[in-house]
Amino acid sequence: MKNQEDLEEALLAGGEPEQAAAGGGGYALLCALLASVVSIIYGYNRGVMSGAQKYVQEDLGVGDGQLEVLIGATSVYSLVGSLAAGWACDRAGRRRTVALSAAMLLAGSAVTAAANGYAALMAGQLVAGVACGFGLVVAPVYIAEIAPPASRGFLSSIPEIAGNSGILLSYIADFALAGLPTTLNWRLMIGIGAVPPLFLAAAATFVMPETPRWLVLHGHPDEARRVLARTAADADRRLQEIVFSVQEASKKAQAASGGGAASSTNVWREILLRPTPAVRRVMLAIVGLQVFQQACGVAALVLYAPRVFSHVGVTSERAVLGATVLLGAAKTVAIFIPLFLADSLGRRPMLLASAGGMAASLLVLGLSVRAPAAASWWAAATSVTAAVAFMATFSLGFGPVIWMYGSEILPLRLRAQGTGVGTAVNRVMSAVVGMTFISMYEAVGMAGSFYVFAAFSAAAWVFVYACLPETKGRSLEEMEALFDKAAAAPPPRPPTLS
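Attention here is on the structure that accompanies the text. (Residues numbered from 1 in each chain as written. Predicted model: local features only at pLDDT ≥ 70, side-chain atom pairs only at ≥ 80, totals over all residues. Heavy atoms only, no water.)

Details of the overall build of the protein
Then, in step 1: Across its full length, the protein carries 23 helices and 0 strands.
Then, in step 2: Counting over 498 residues, the protein shows a buried share of 58%.
Then, in step 3: Sequence-distant contacts, at least 24 apart, represent 84% of the contacts inside the protein between residues at least 6 apart.
Then, in step 4: Carbon and sulfur atoms provide 67% of the accessible area of the protein, an area that totals close to 18800 Å². (Helix = DSSP H or I, 4+ residues; strand = E, 2+ residues; numbered from the N terminus. Buried < 20%, exposed > 50% of the residue type's maximum accessible area, 1.4 Å probe, protein only. Contact = heavy atoms within 4.5 Å. Areas by Shrake-Rupley, 256 points an atom, 1.4 Å probe, with all protein chains shown as cover.)

Structural notes on the packing of helix α3 (residues 64–92) against helix α21 (residues 415–444)
Then, in step 1: At a closest axis distance of 8 Å, the pairing of α3 and α21 adopts a crossing angle of 180 degrees. Taken together, the axes of α3 and α21 lie roughly antiparallel to each other.
Then, in step 2: Of the residues in the contact of α3 with α21, the class split is 13 nonpolar, 12 polar and 4 charged. (Axes fitted to C-alpha atoms, helices over the stretch in contact; angles between N-to-C directions. Parallel < 35°, antiparallel > 145°, perpendicular 65-115°, else oblique. Nonpolar A, V, L, I, M, F, W, Y, C, P; charged D, E, K, R; others polar.)

Quick look at the nonpolar core
Then, in step 1: The biggest cluster of nonpolar side chains holds 148 residues, and the ones touching the most others in it are Leu289, Phe398, Phe437 and Phe450.
Then, in step 2: With 16 residues, helix α2 (residues 24–60) is the single largest residue contributor to this core. (Core = buried A, V, L, I, M, F, W, Y, C linked by side-chain atoms within 4.5 Å.)

Observations concerning the packing of aromatic side chains
Then, in step 1: Counted by the stated rule, this structure contains 8 aromatic pairs.
Then, in step 2: These aromatic residues form a ring-pair network of at least three members: Tyr304, Phe437, Tyr441, Phe450 and Phe453. (Phe/Tyr/Trp six-rings, centres within 6.5 Å; stacked < 30°, edge-to-face > 60°.)

As for helix α16 (residues 317–334)
Then, in step 1: Between its first and last C-alpha atoms α16 spans 26 Å; for 18 residues at 1.5 Å apiece the expected length is 26 Å, and the two agree.
Then, in step 2: Listed as buried for α16 are Val320, Leu321, Ala323, Thr324, Val325, Leu327, Gly328, Ala330, Lys331, Thr332 and Ala334. (Expected span 1.5 Å × (residues − 1).)

Here's the deal with the pattern of salt bridges
Then, in step 1: In this structure the tally under the stated criterion is 8 salt bridges.
Then, in step 2: Where Asp59 meets Arg187, a salt bridge forms, and the shortest distance between an N and an O atom there is 3.6 Å. Residue Asp59 is located in helix α2, and its partner Arg187 is located in helix α8 (residues 182–191); the two are separated by 128 residues in the primary sequence.
Then, in step 3: Note on Arg187: relative accessible area 22%, which makes it partly exposed.
Then, in step 4: In this structure, Glu145 engages Arg94 in a salt bridge whose closest nitrogen and oxygen atoms are separated by 2.8 Å. (Salt bridge = Lys/Arg side-chain N within 4 Å of Asp/Glu carboxyl O.)

The values are spatial; any link to function lies outside them.
Structure below.
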């Protein structure tokens, strides 16, 4: 009741409304960039093992089977983190969860770099993996809630750009440090990843604000108004919409709990056991996108590109690592396209173009890797070109847009846990690909593996076309009605200030 009175006071408070600073959009951008540092660290930790794995095997005597488990287990560990992150985001807040993720990333990188055996490697990857799961959930949620509607697509693309930049930086580090002694080079490759978390932890503690929606949800509307005044030109109207959304969410949560207080248990019940038709469609969209993102095989190329290129006749170590850097560069550069087009073209066109391009490039990649040995020179060139095209088309949509789409369509009351579910599914699929790719290509051939990935990419195109509505230009408070096909009229609008 006290929180309800506070919310009403925020709406009825007299005096002149606070005006957004001229640099309000710049402040939201700053917040998004800071939150995205966790994605840079995640990308670095994800990609660094691509070049470091050979030296880890030589230095510590790790076999192929152990390597598959080590690399794939990181995704399993991040599954645990993604499931816990939803609870942490709701209880501790988005900002504190960013700081917690940074602390764990620092510890995980340090332990892995100092490892003197397989068990220590696994322990370091356990901590880093859980931290990555936290980061994958909290960054898109934080940015979706801090961003003004008009630039949410732009700002929500930044974490994926940051993640790809981290992957590219890891490839560059692998290339630059490969010439050092084997006992040192892989440790430096991994240890560099312990530096950015220090910056992120300081930024989360002293610079980044909490999101307005979390503040309103926990009874701090005045603080929410102050944040909105720096991020939106229409702070009072946006506060009204958020308060109205929170009140509606509270009514639904109480109805779901039989009139009692809302709880985390009720949120999980609404997501998994008794979803409304709209929530069921939202969760289908989120889970489907996350499954298809990893089923297209992107983790196979991110983690095992040097093996793929060696398979088609690229024998020089520096040439293999150089081709891998080219993949990272293509993936990073192409991701700037949805950054500027997602808010104008829309989410669906970007996803459809991405899925079609992935299917075509994977088909060409499969054909090139099964070319006869006599044609190795053009097969190698074609395979590198097709892999670059795959990474570029992946970054057009299925890289950044699915995170943007998933974070914006969830109702406020379900956003943190729902994002956690989607991220958990993503991590499970990534683990499956990472832990089976070597065994898969030994069983069905390298070409057969890429044909399978091409088929999943084609299925992703059908899924997007048939199941996903367009969301561009809509506020977060309108999304549930968009997915409720039974709704004959738009939801009621909050009152306006006179």
